[in-house]
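One letter stands for each residue in the lines below.
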Amino acid sequence: MYNTPEIVRAYWRAFQDIVDGPLSLSYLDPLIDARTAAFRANNVNYNPAVITGQIRPYITARQSYLAGRLAPLAANFNVAVTDFTTSSNIVTISGTAPINVKFIEIDGIRYPVAWSGPQTLPTGWSLRLPMNTAGLNSFTLRAFDRLGAEIPGTTRTINVNYTGVIEGPQTNIVFNEIMYNALV
């Protein structure tokens, strides 16, 4: 599990969701206050000092601990090179991304992303992009979270000057297995 960057990123994204949601006091305080009000209204014995002296500090401590563990993953969204010239019909675009980025789209098409980096800090990414037009190609790159919402501040423009020859798909088809008389 820890050797697969996609799984490690999903693991840390879950903790980020917990820190931003259920463990935030802005989320929990109204719930705790409603429960204590229900206790008071129904004459249930409870110790208010436990809530203010133990429960809330524990929640705050857990949130701070997890936020500290997430801090090394707080990479800025970045594209390594945005303007370049190539003669290769497939280019690799790479950069860094914070943990909440799950998908990257170029001109509205979601491309498979390869995540990389140290085993527990996979903030590096790369994707392969085919060139279909000779000359200057301009692409718009956007990053999205796990729910498919675009992450603000991640839109980038990439300009690739393709100097190679456009290859037809007919010369790139490969049959790597033929089962001419399969049993099933």
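Now for a description of the structure that goes with this document. (Residues numbered from 1 in each chain as written. Predicted model: local features only at pLDDT ≥ 70, side-chain atom pairs only at ≥ 80, totals over all residues. Heavy atoms only, no water.)

Here we look at unusual backbone geometry
Thought 1: Unusually for a residue other than glycine, Asn-43 sits at a positive phi of about 55°.
Thought 2: Note that Asn-43 resides in the loop between helix H2 (25–41) and helix H3 (48–70).
Thought 3: Judged by relative accessible area, which is 72%, Asn-43 ranks as exposed.
Thought 4: The phi torsion at Asp-107 lies on the positive side, around 50°, for a residue other than glycine.
Thought 5: Looking at the element boundaries, Asp-107 is found in the loop between strand S4 (103–106) and strand S5 (109–111).
Thought 6: Of the residues examined, Asp-107 reaches a relative accessible area of 43% and is grouped as partly exposed. (Helix = DSSP H or I, 4+ residues; strand = E, 2+ residues; numbered from the N terminus. Buried < 20%, exposed > 50% of the residue type's maximum accessible area, 1.4 Å probe, protein only.)

Some details on the sheet that holds strand S7 (residues 124–130)
Thought 1: Strand order in the open sheet formed by four strands is S1-S3-S7-S6, with antiparallel pairing between adjacent strands. Whereas interior strands pair on both sides, the edge strands pair on one side only; in this sheet they are strand S1 (78–79) and strand S6 (114–116).
Thought 2: Two elements, strand S3 (residues 90–96) and S7, share seven bridges in a ladder whose sense is antiparallel. Across the sheet, residue Val-91 finds its bridge partner in S7, namely Leu-129. (Pairing = 2+ DSSP bridges.)

Details of the nonpolar core
Nonpolar side chains in soluble globular proteins generally cluster together in the buried interior.
Thought 1: Phe-77, Ile-93, Trp-125, Leu-127, Leu-129 and Leu-141 are the most contacted members of the largest nonpolar core, which has 22 residues in total.
Thought 2: Every element with two or more residues in this core is listed here: S3, S4, S7, strand S8 (135–144) and strand S9 (156–162). (Core = buried A, V, L, I, M, F, W, Y, C linked by side-chain atoms within 4.5 Å.)

A few points about the environment of Val-101
Thought 1: With respect to the helices, strands and loops of the structure, Val-101 is situated in the loop between S3 and S4.
Thought 2: With relative accessibility at 0%, the residue Val-101 sits in the buried group.
Thought 3: Considering only alpha carbons, one finds Val-101 and Glu-150, 49 residues apart in sequence, at a separation of 9.0 Å.
Thought 4: Non-local contacts of Val-101, meaning those with residues more than four positions away in its chain, are made with Arg-9, Arg-13, Phe-77, Trp-115, Ala-143, Phe-144 and Ile-151. (Contact = heavy atoms within 4.5 Å.)

A look at the packing of helix H1 (residues 5–20) against H3
Thought 1: One way to put it is that H1 packs onto H3 with a least axis distance of 10 Å and a crossing angle of 140°. As judged from the angle between their axes, H1 and H3 are oblique. As for how H1 packs across H3, the hand of that crossing is left-handed. Along the contact surface, H1 presents Trp-12, Phe-15, Gln-16, Ile-18 and Val-19, while H3 presents Gln-63, Leu-66, Ala-67, Arg-69 and Leu-70.
Thought 2: Per-class residue counts for the contact of H1 with H3 are seven nonpolar, two polar and one charged. (Axes fitted to C-alpha atoms, helices over the stretch in contact; angles between N-to-C directions. Parallel < 35°, antiparallel > 145°, perpendicular 65-115°, else oblique. Left-handed = near helix turned anticlockwise from the far one by under 90°. Nonpolar A, V, L, I, M, F, W, Y, C, P; charged D, E, K, R; others polar.)

Some remarks on the packing of aromatic side chains
Thought 1: Applying the stated criterion across every chain yields a total of five aromatic pairs.
Thought 2: A centroid spacing of 5.3 Å and a plane angle of 75° characterise the contact between Tyr-11 and Trp-12, whose relative ring orientation is edge-to-face.
Thought 3: You can call Tyr-11 partly exposed: its relative accessible area is 31%.
Thought 4: Among the residues examined, Trp-12 registers a relative accessible area of 9% and is labelled buried.
Thought 5: Consider the rings of Phe-77 and Trp-125, whose centres lie 6.0 Å apart with planes at 10°: the pair is stacked. Here Phe-77, found in the loop between H3 and S1, pairs with Trp-125, found in strand S7; they are 48 residues apart in sequence, far enough to count as distant. (Phe/Tyr/Trp six-rings, centres within 6.5 Å; stacked < 30°, edge-to-face > 60°.)

Quick notes on the pattern of salt bridges
Thought 1: Scanning the entire structure with this criterion turns up five salt bridges.
Thought 2: For the salt bridge of Asp-33 with Arg-56, the shortest nitrogen-to-oxygen distance reads 2.7 Å. In this pair, Asp-33 sits in helix H2 while Arg-56 sits in helix H3, placing the two residues 23 residues apart along the sequence.
Thought 3: The class of Arg-56 is buried, set by a relative accessible area of 18%. (Salt bridge = Lys/Arg side-chain N within 4 Å of Asp/Glu carboxyl O.)

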